[in-house]
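Residue strings, one per chain:
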Amino acid sequence: MSPESFRPPASVCRLRPARPEDRDRFWEWRNDPDVRRYSFHPEPISLSIHERWFTQSLRSPHRQLYVIEVDSAPAGSLRFDAKGEGEAEISIVIASGFRGMGVGAAVLKQAQKLAATLGYKRLFARVKVENIPSRRAFEKAGFQLIDQDHVACLYEAELTGVCPAG
Ligand SMILES: CC(C)(COP(=O)(O)OP(=O)(O)OC[C@H]1O[C@@H](n2cnc3c(N)ncnc32)[C@H](O)[C@@H]1OP(=O)(O)O)[C@@H](O)C(=O)NCCC(=O)NCCS
């Protein structure tokens, strides 16, 4: 099905906590050429470095990793990194075959409710200026642009008032 003919409603996008057996798909997603290109650290990630990162990430109380599922198929990853009191940085990767279909924007909306259930009061994201799909996805999900320089845009979502249900 082509991206043009399939725009999933938010209801078919689901977030589930990452599990040890997701290790290799996270490695694949993290090394996707667009993901590296739009990362602030664009070097490829070796399997051994990834294994350590993934294992530590699943154990860490300061990081939450989720698999995005579209109709039960793994379609990307979402991550919260606790940064300050009640604050987390949010990162998203949509697998290449699922991009441009509205999944990113839908998941970033759901992520605000999820973050509120985790006790976060504010989310922020740093996005490269030239990463137009990502900027559009954050904006469509209601994030506000609060700062920008020639490298990055800083987006935030205040979660006070976000209903954690659902
Ligand atoms: C950025 C990303 C998360 C966006 O998710 P997505 O599911 O592809 O985005 P959506 O389909 O929800 O589209 C969001 C907006 O971006 C636009 N868009 C999508 N792909 C685009 C492209 N290649 N060029 C320009 N705009 C694009 C969409 O048209 C939409 O805007 P619109 O509704 O005004 O038309 C996803 O493309 C991705 O994972 N990219 C690689 C990794 C990355 O950049 N992660 C973010 C790091 S901050």
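Residues numbered from 1 in each chain as written. Predicted model: local features only at pLDDT ≥ 70, side-chain atom pairs only at ≥ 80, totals over all residues. Heavy atoms only, no water.

1. Remarks on the site of the ligand
For clarity, the threshold we go by: Definition of nearness: a residue and a molecule or strand are near each other if at least one heavy atom of the residue lies within 4 Å of the molecule or strand. Each polar contact in these results corresponds to two N or O atoms within 3.5 Å; when the atoms are within protein, one needs to be able to donate a hydrogen and the other to accept it, and residues that are neighboring in sequence are counted only if both atoms are side-chain atoms. Methods summary: accessible areas were calculated by the Shrake-Rupley approach with a probe of 1.4 Å, and residue burial reflects only the protein chains presented.
The environment of the ligand is formed by 20 residues, the closest being I94, G102, G104, R136 and K140. Here an oxygen atom of the ligand and a backbone polar atom of I94 are 2.7 Å apart. One of the backbone N or O atoms of P133 is found 3.5 Å from an oxygen atom in the ligand. Here the ligand loses 72% of its free accessible area of 920 Å² to cover by the protein chains.

2. Topic: the packing of aromatic side chains
The following threshold applies: Pairs were defined over the aromatic rings of Phe, Tyr and Trp, the Trp ring being its six-membered one, requiring ring centres within 6.5 Å. Orientation was assigned from the angle between planes: stacked under 30 degrees, edge-to-face over 60, tilted for the rest. The buried label goes to any residue with under 20% of its type's maximum accessible area, the exposed label to any with over 50%, and the partly exposed label to all in between, with areas taken from a 1.4 Å probe on protein chains only. Helix numbering and strand numbering both begin at the N terminus, where a helix is a DSSP run of H or I of at least 4 residues and a strand a DSSP run of E of at least 2. We call a charge positioned above a ring when the Lys NZ or Arg CZ atom is no farther than 6 Å from the ring centre and deviates by at most 35 degrees from the ring normal.
The tally for this structure, following the rule as stated, stands at 6 aromatic pairs. Ring centres of F138 and F143 lie 4.9 Å apart, and the angle between their planes is 85 degrees; this geometry places the pair in the edge-to-face category. Like F138, the residue F143 is buried in the burial classification. Both rings, one in F138 and one in Y155, keep their centres 6.0 Å apart while their planes meet at 10 degrees; by these two values the pair is stacked. With F138 in helix α5 (residues 132-140) and Y155 in strand β7 (residues 152-158), the pair connects residues that are 17 residues apart, well separated along the chain. Taken together, F26, W29 and F54 form an aromatic cluster joined through their ring pairs. The ring of F40 carries the charged tip of R126 above its face, separated from the ring centre by 4.2 Å. Sitting over the face of the ring of F40, K128 holds its NZ or CZ atom 6.0 Å from the ring centroid.

3. Remarks on the sheet that holds strand β1 (residues 13-17)
Strand pairing in a sheet relies on backbone hydrogen bonds. The paired strands run either parallel or antiparallel. Applied cut-off: A strand pair is defined by DSSP finding two or more bridges across the two strands. In this analysis, axes come from line fits to C-alpha atoms, helices being fitted only over the stretch in contact, and the angle between any two N-to-C directions falls in the range 0 to 180 degrees.
One open sheet holds the 7 strands; their spatial order is β1-β2-β3-β4-β5-β7-β6, and the pairing between them is mixed. Of all the strands in the sheet, just β1 and β6 (144-148) have a single pairing partner and so form its edges. Neighbour-to-neighbour, the strand axes of the sheet open up by a mean angle of 30 degrees, direction not taken into account. Taken together, the 5 bridges between β1 and strand β2 (residues 63-70) define a ladder with antiparallel strand orientation. Across the sheet, the residue bridging to R14 is E69, located in β2.

4. Quick notes on helix α1 (residues 23-30)
Rules: In this context, the arc is that of the directions from the helix axis out to the C-beta atoms. In what follows, residue pairs with any heavy atoms lying within 4.5 Å of each other are defined as contacts.
Inspection of α1 places F26, W29 and R30 among the buried residues, and these make up the whole buried set. Across the axial projection of α1, the buried residues extend over an arc of 95 degrees, all falling on one side. Elements that come into contact with the buried residues of α1 comprise α2 (33-37), α3 (47-59), β2, β3 (73-84) and β4 (87-94).

5. Comments concerning the side chain of Q112
Within the secondary structure, Q112 is located in helix α4 (residues 103-117). When its relative accessible area of 10% is taken as the criterion, Q112 is described as buried. Here the side chain of Q112 touches A141 through a polar contact of 2.8 Å, landing on its backbone oxygen. Aside from chain neighbours lying at most four places away, what touches Q112 is L123, A141, F143, A157, L159 and V162.

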